[in-house]
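# Fold and geometry: a report
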Amino acid sequence: MPWLTLVALLLPGLMGEVSAQCSQPSAVGYFQWVTTGSTGILSCFGNMHDGFGYIPNYRAVIMECYNGAWNTYPYPGVTTSCSIPKLGPGNDCGTYTPPAGTSAFSIDDVAVKYLLCNDGKAWLSNLPFQIVMCVRGNWTQVLDVCLDTGDFPRDCSVLAEKGVTNATSANIAPSGSILQGCILATCSLSTQIDDSGWTLAMSYASGTYTEQEFLNGSALSTKYFLGVKTLQVLTSYRPFTFKFIIVAAGYEYATAYGSVVIENGTYSITQLGGIHGIAGDSFSQYLQQPLDCTALLCWWTSASTNASLKMAKATGINWPALGSAGMPPSKIKILVRPEQFDLAYNCPPFQVTPLGDDHTTAFSTVRRAVGFEVNFTCSGSLYYEIQENGVLSTTGSSSCQLIGGVLNWTRRFVLPCKSLPAPSNFVLSDQQDRHYNFSVTPAASFFDASERCNAMGASLATIDYISNMKRALPGILYFTAHNMRVTDIIDPPITVASECVKKNACKRKEDNHCIVLIDTGEHYAESCFNNTFHYICMIPGYCPDGYTEVKGSCYKAVNFIGSPLDSYSNCSGYDSGLMHPYSDTDIYGLLQKGAIQRNVVYTTALRTWHVGGLDTVDPNLAAQLPSSPDDQWFRFTISDNDTITYIGGPVDGGVAGTAICLYPRYTISCGTSPRLALGNVSWTWTSNLVGAVAVYSCSYGWFAGGNIPVAVQNIKCLGQLGEWYPDVQDCIHIQVCNETLTAPSNLMTNISESGMRYLGGEIVFYCPENMSTPSDLTQQTLTCSNISDTEFRFLPTVIEDCTVCLGTPLVTQGTSSLGQGPFTVGTKASAICNENYLFALNVTQKDLVCTLTGWQNASCYEACTDPPPLPGANMISQENTVASVGSTLWYNCTVDRLYIQTPSGAVASMQITCGPDHLWSPNDLVMDCVEVCLDDPPLVALPVISSWNIVTRAVGTKIDYTCPTDHFLANRELNASVTCKPDKVWTDIDVTILQCLQVVPVSPPLPPGNYSVDGNIVPYLVNQTIYFTCPAGQFTKAGKISTSITGTATGWTTLDPDFICMDVCKEDPTIPDLASNVLSSWDGVDKTVGAVVNYTCPENYLFLNKNETLTTTCMKNFTWTNAHEDSLICIEVVEVEPDLGPVGENMTITGNVKPYFVGQVVTFHCPEGQFSLAGTNQTEVIATSGGWIQTDPDFICLDEIGPPPPPSYNLILEPNRTVYVPGNQVNYSCMEGFLPVINRDFVTLTAMIDGWEPDYPPLTFFCIDYGVRIALIIGC
């Protein structure tokens, strides 16, 4: 569009205000005002000329009045004289068609027209109108355009958005509306949109900014600046990106800052985002700093503290990031553009600059478009970028890419580089270049050790110095990364100064491929599968050449075409297995390390089955895997936006792509043998090597997966890809015999297998117990058989009936007799009971018959064959109807209050039972009903001996109680007794005496001194207690008044050795308050008369009486002496002397009594005739823990001088002191009702060393009556 090529205009905001203070141009030509008194058109109409000065063929210019002077447009500086010969009338151009959005108007010169923007629009140039001229048959072109006032460009990014690449300047409306003002801005545009759209904010080479220049702008080329006000308007409600371009040492450096916002009013930088570039950072320090223009050095910094940080210094340009590196800048430019525009074509600032620390070097380009990179390098041992997922890097790069529809960096750095901290249980090597961990338990194998190290983000260790083995356990062998798994050469080479001592040399033999070390540094070739060796882990990890280390594991991408099994075998050739990622983080770690690339298909060991928990995956990863039945194994690829896609396929087919090998991993065989054959299958296999096949065959009658005929299954060893695959199918029975079977008798039973109808299945028919068929069969088995390949039946096809009784009748506890068999249904047999058994009461013999269910059976029950005892006196018995063992008979007394004596007490009726001895019992009781004591006599526990037989309780029965040797009853007697009296009650007795107590073998011990005794009774018995009590008013040392001892089987309990009755104080001695700092020697117990307690103070403390120790004593009046609680206070001592310095040299001191305590007051007195400014002659200092504090720090003694002159009539002297010293001031003022004759309320006199000095001639200050003064004024 033509307006975009508009040449540079003057900056109205810097050149003055538009006005009508200009007179009409006096040059020869025609002039016409277009706007009222400010803008007009000057043409050569009516003259024999058609051009101005050096601009040929132009007959008209726009004239605009600025600050009383004319400016010309579109060419500044054109002379206003018509001097070139006229070439034609200028009216041969035809009708003029104005541009869209404008209207054309004529003036008297028909060869000139002026154009106005239609309503709602304005010229981009901010001019009120534009002109066109007819020149040589053509109307001139308008280099301007009308825009909507609300859409006027706020900055140069609008030009870039419209595709402009060559314009150098444009008028912009920073607020977004032309109605709020425009400025001319310099633009930095480019054919590369990512580096276009910049507005020049500052171009600075020398000089300093005044406050007005910094706020409103400067047009000087050496210190061009838009002004901070304009920058604030630009960043209002939308953050900007600032780019600093610094020229230093002949080179150009740049750093960009994102999200810059300047606050309105204060113009502080309130927001500052990311940093990106190669010039370092010398701007972010101004965030939240105030704007300071002290000494004409305006910048965002405090002049008092950070003046050296200002960009525009009196000593020249400043950019500390380069200047401190020996590259002082010679020029600085600031370019700005909206952050929204910036991020549409660029990644955000990366927050990295090249000026890092001693261990971090960061590299970045100035541009941030797609494809541009930032890089870093860590230097120094153990210095790494430590990522959040634990991945360690010494170098790294990040590229700007379109990710998820947004421009962003492919990764973020975690900088600065940091020294790798020793993980838990790791120690730093002597060379300080790695960390070691020596295991305290053995590993199952070399491979198990490697995985344990990987779990800690480490690898198995390489050992280069014997000194590092001093941390090993003595005599323990350790797996390391050194091995000979490929050749006889140890890899990696082992450099410790020792020989391989196993069998003279380390050579590969059988499985002795792994090198193990001992604490002395000696190394051995041993089995990689030994489960007694410990292991050494190392951070950073070790990987063989060609492998990439990520968190201790080693990975290598190998191009190979074939199935996953082929890729797996190919990795085995590298002494590795296939990678099996646990989560997406593992894959991104490889991408960050550069071990894999985007848009490449990679083979892994990911699969849909797991053997014994081998190679499980994170649930989030598992959820991403395809779920088709054919997807048994998975590859992956990474897109440009870092999205991981998993691709499924069969494990034994398809193109694998690039395999990712994992080292080390034992992958040349399956870790387990094929699963054991079940009872319905046979199997064979030759080895566990990858590719080996195991053959499974189903047993007869079983079919693989339920399919006929018999299945033979082959499974293959896939090693890491899933051990044995596929899993063998179960051999399944198929039901083939489906006919219905019926027995000839419903008394017959059958038992069938759950699989009776499968080939080979059976069903068995059974006769009733003790029955058989005429063929002497008790059971008949029918088998499911194949008549042909397609016909199946149960054989045999006939079932016989059961009609013969087997054996003899069953007579429990008896016998039977039979003739000659067989014994068909209806045959009889004779049965008889054994001794002491009966069929029924008095029945011992009966006949038994053969039935359809077998012989009738009979049972003889065990019985008492003898009659029961006869009832005695006053007694009757129940009729006897049964005599089986356990049966009972009742006997009852026939007279009231007569009873039978039994072991369970006296009863009016009792029961006898046929016992297992075939006798009625009890059979030893007196079967008579007599008078008895219903209650039991007193019952006793051992060791008391009772003569009662538990049964006898008839009137007249006597019971005796005695004790064993060395024991007495509780009443200290040897025996006692009770008798059943005629009133059927036992004689009374104190039951508490019916216990036998052992005699204490020794006499009781006695305490010393005076006391009373209670319980001293002989003989002394066990559990007897003797009490000892102090006389009234006495106590033991511990404050007790009594004690006791108790008798035992061996003697007496221990007597309190401290039980001595004596005089004691009634109260505890005074216990100091914790806050008093007093220490007490009292043990918390001793209060005896004469006991002494010492109280002491800590070091540098004394009591109020200035003693170091106080004591209190328990007196004979049972009270403590002295030591009241209010006197037990320790006060800190102040060691230094009170001193006022030179001020107090001639002063006298009172109150300086030593030692000095905190809080003590000492008074300093002035020499006679001297006083302070306040009129006092003394001051005080107070002792504190830190020294002495002066109550009046400004106190000084001065010589007294005479009083001021006394006040004259009507004057008041204030303040009126009794003592005056140099420096005192007094005021003379009028009394109430009087006014000074001069226009002053008072005069002041100041005391000097040599007298009083007035601040006004005192003789001219006097007061007169208020009425007199009014009269004087009126008279004037």
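Residues numbered from 1 in each chain as written. Predicted model: local features only at pLDDT ≥ 70, side-chain atom pairs only at ≥ 80, totals over all residues. Heavy atoms only, no water.

### Section: the overall build of the protein chain
Keep this limit in mind: Each helix is a run of H or I in the DSSP string that is no shorter than four residues. Each strand is a run of E no shorter than two, and both are numbered from the N terminus. Think of it in three bands: residues with accessible area under 20% of the maximum for their type are buried, residues over 50% are exposed, and the middle band is partly exposed, with areas taken using a 1.4 Å probe on protein chains only. The contact definition used throughout considers only heavy atoms, calling two residues in contact when any of these lie within 4.5 Å.
Counting its regular elements, the protein chain contains twelve helices and 95 strands. Sorting the 1276 residues of the protein chain into buried and exposed places 43% on the buried side. A fraction of 55% describes how many contacts in the protein chain between residues 6 or more apart in sequence connect residues 24 or more apart.

### Focus: the sheet that holds strand β6 (residues 112–117)
The test is simple: We call two strands paired when DSSP finds no fewer than two bridges between them.
The four strands are arranged β5-β6-β8-β9 in an open sheet whose pairing can be described as antiparallel. Of all the strands in the sheet, just β5 (102–106) and β9 (138–139) have a single pairing partner and so form its edges. For β5 and β6, the ladder comprises five bridges, and the chain directions are antiparallel. Note that in β6 the partner of Phe105 across the bridge is Tyr114.

### Let's talk about the confidence of the model for the protein chain
Basically, it comes down to this: Note: pLDDT gives the predictor's confidence per residue, expressed from 0 to 100.
Averaged over all residues, the pLDDT of the protein chain is 81; the fraction at 70 or higher stands at 86%. Confidence drops under pLDDT 50 across residues 1–20; counting only partners more than four residues distant or on other chains, this segment forms 53 contacts. In this model, residues 47–55 is a region of pLDDT below 50 whose contacts with residues beyond four sequence positions or in other chains number 47 contacts.

### Points about the pairing of strand β46 (residues 712–717)
Looking along a regular strand, one sees side chains alternate from face to face of the sheet. Only one face of β46 is buried, namely the one carrying Gln713, Ile715 and Cys717, since none of Val712, Asn714 and Lys716 on the opposite face is buried. Direction of pairing for strand β44 (residues 693–698) relative to β46: antiparallel, over a ladder of five bridges. Within the sheet, the bridge partner assigned to Tyr696 lies in β46 and is Gln713. Where β46 and strand β47 (residues 724–725) come together, two bridges link them in antiparallel fashion. From the neighbouring strand, Cys717 faces β47, where its bridge partner is Trp724.

### Here's the deal with the pattern of salt bridges
Test applied: Throughout this description, the term salt bridge denotes a Lys or Arg side-chain nitrogen within 4 Å of a carboxyl oxygen of Asp or Glu.
The final tally for this structure, using the stated rule, is 21 salt bridges. Two residues, Asp194 and Arg367, come together in a salt bridge whose shortest N-O distance is 2.7 Å. Linking Asp194 in the loop between β12 (183–188) and β13 (198–204) with Arg367 in the loop between β22 (360–364) and β23 (373–378), this pair joins segments that are 173 residues apart in sequence. Between Asp342 and Arg368 there is a salt bridge whose closest N-O contact spans 2.7 Å. Placement of the pair is Asp342 in helix α7 (residues 339–345) and Arg368 in the loop between β22 and β23, with a sequence separation of 26 residues. Summarising the burial analysis for this pair, Asp342 and Arg368 share the class buried. Because the salt bridges share partners, they merge into one network encompassing Arg337, Asp342 and Arg368.

### Describing the state of the cysteines
Using the following cut-off: Any pair of cysteine sulfurs within 2.5 Å is marked as a disulfide.
A full pass over the atoms with the stated rule returns 21 disulfides. Paired through a disulfide, Cys737 and Cys784 show a sulfur-sulfur distance of 2.0 Å. Taking the torsion about the S-S bond as the criterion, the Cys737 to Cys784 disulfide, at about 90°, is right-handed. Here Cys737, found in the loop between β48 (731–733) and β49 (749–752), pairs with Cys784, found in strand β52 (residues 779–786); they are 47 residues apart in sequence, far enough to count as distant. For the pair shown, Cys737 and Cys784 are each scored as buried. Disulfide pairing places Cys1030 opposite Cys1061 at an S-S distance of 1.9 Å. For the disulfide bridge between Cys1030 and Cys1061, the dihedral angle about the S-S bond is near -85°, and by the sign convention the bridge is left-handed. Of the two residues, Cys1030 is situated in the loop between β76 (1025–1029) and β77 (1042–1046) and Cys1061 in the loop between β77 and β78 (1079–1080); the sequence distance between them amounts to 31 residues.

### As for helix α8 (residues 446–455)
What counts, and what does not: Arc definition: it is the arc formed by the directions from the helix axis to the C-beta atoms. Between N or O atoms, a polar contact is any pair within 3.5 Å; within protein, one atom must be a potential hydrogen donor and the other a potential acceptor, and residues adjacent in sequence are included only when both atoms are from side chains.
The complete set of buried residues in α8 reads Phe446, Phe447, Ala449, Ser450 and Cys453. Seen from one end, α8 has its buried residues packed into an arc of 160°, which puts them on one side. Taking the backbone nitrogen of Phe447 as reference, a side-chain oxygen 3.3 Å away marks Ser445 as the first, capping residue of α8. Two residues or fewer past α8, Gly457 is found with a positive phi of approximately 75°.

### Notes on the side chain of Gln780
Following the sequence through the fold, Gln780 ends up in strand β52. Among the polar contacts made by the side chain of Gln780, one reaches the main-chain amide nitrogen of Glu800 at a distance of 2.9 Å. Aside from chain neighbours lying at most four places away, what touches Gln780 is Met748, Ile763, Val764, Phe765, Thr773, Val798, Ile799 and Glu800.

### Some points on the environment of Thr812
Among the structural elements, Thr812 can be located in strand β55 (residues 811–812). A residue is classified by how much of its surface remains accessible, and Thr812, at 35% relative accessible area, is partly exposed.

### Some remarks on helix α10 (residues 584–592)
Burial in α10 covers these residues: Asp584, Ile587, Gly589, Leu590 and Leu591. Packed against the buried residues of α10 are β36 (548–550), β37 (553–559), α11 (619–622), β40 (633–638), β41 (644–649) and β42 (658–663). At the C-terminal side of α10, Gly594 shows a positive phi close to 80°.

### Brief notes about the sheet that holds strand β24 (residues 383–386)
An order of β25-β24-β28 is seen for the three strands of this open sheet, with the pairing classed as antiparallel. Only two strands of the sheet have a single partner each, and these edge strands are β25 (392–393) and β28 (418–419). Where β24 lies against β28, two bridges are found, and the strand directions are antiparallel. When the sheet's bridge partners are listed, Tyr383 is paired in β28 with Ser419.

### Considering the packing of aromatic side chains
Where we set the bar: Here a Phe, Tyr or Trp ring, Trp counted by its six-membered ring, pairs with any other such ring whose centre lies within 6.5 Å, and the pair is stacked when the planes are under 30 degrees apart, edge-to-face when over 60, and tilted otherwise. Look at NZ for Lys and CZ for Arg. If either is within 6 Å of the ring centre and within 35 degrees of the ring normal, a charge sits over the ring.
Scanning all chains against the criterion turns up 29 aromatic pairs. Joined through ring pairs, the aromatic side chains of Phe242, Phe244, Tyr257, Phe283, Tyr286 and Trp319 make up one cluster. A cation over an aromatic ring shows up here: Arg412 above the ring of Phe350, its NZ or CZ 4.7 Å from the ring centre. One residue, Lys846, lies across the ring of Phe839, its end atom 5.5 Å from the ring centre.

### A short note on the nonpolar core
The nonpolar side chains of a soluble globular protein tend to be buried with one another. Note the cut-off: What makes a nonpolar core is a set of buried Ala, Val, Leu, Ile, Met, Phe, Trp, Tyr and Cys residues whose side-chain atoms join them at distances within 4.5 Å.
In terms of nonpolar packing, the biggest core is built from 55 residues, with Phe242, Phe244, Phe283, Trp300 and Trp319 touching the most fellow members. With six residues, the single largest contributor to this core is strand β15 (residues 240–248). Those residues in contact with Phe242 that sit more than four places away from it in its chain are Leu231, Thr235, Thr255, Ala256, Tyr257, Val260, Ile262, Phe283, Ile334, Leu335 and Val336. Within the second largest apolar cluster, 40 residues are counted, among which are Ala443, Ala472, Leu477 and Tyr542.

### Focus on the environment of Met484
Looking at the secondary structure, you find Met484 in the loop between β32 (478–483) and β33 (514–517). For the pair Met484 and Cys514, spaced 30 residues apart in sequence, the C-alpha separation works out to 6.1 Å.

### Quick word on a nonpolar patch on the surface
This is how it is decided: Nonpolar side chains (Val, Leu, Ile, Met, Phe, Trp, Tyr) within 5 Å and like charges within 9 Å form the patches, drawn only from residues with over 30% relative accessible area and no salt bridge. Values of accessible area rely on a 1.4 Å probe in the Shrake-Rupley scheme; residue burial ignores everything except the protein chains shown.
On the surface, Leu747, Val825 and Leu852 cluster together into a nonpolar patch covering about 240 Å² of accessible area. Positionally, Leu747 belongs in the loop between β48 and β49. The partly exposed category is assigned to Leu747, whose relative accessible area is 36%.

### Details of the environment of Lys223
As for its position among the elements, Lys223 is in strand β14 (residues 223–225). Taking the C-alpha atoms as reference points, Lys223 and Gly207, 16 residues apart in sequence, are found 6.7 Å from one another. Look past the residues within four positions of Lys223 in its chain and what remains in contact with it is Ser203, Tyr204, Ser206, Thr208, Tyr209, Glu213 and Ser218.

### Notes on unusual backbone geometry
Excluding glycine, residues mostly carry a negative phi; peptide bonds, for their part, are mostly trans. Following Ser921, the chain continues to Pro922 via a peptide bond in cis, the omega torsion being 0°. On the secondary structure map, Pro922 appears in the loop between β69 (920–921) and β70 (945–946). The amide bond that connects Lys1154 to the next residue, Pro1155, takes the cis arrangement and shows omega of -10°. The residue Pro1155 is located in the loop between β83 (1148–1150) and β84 (1156–1157) in this model. In this model, Ala249 sits at a positive phi of 55°, which is unusual for a non-glycine residue. Note on placement: Ala249 falls in the loop between β15 and β16 (251–262). At Arg972, a residue that is not glycine, the phi angle is positive and equals roughly 60°.

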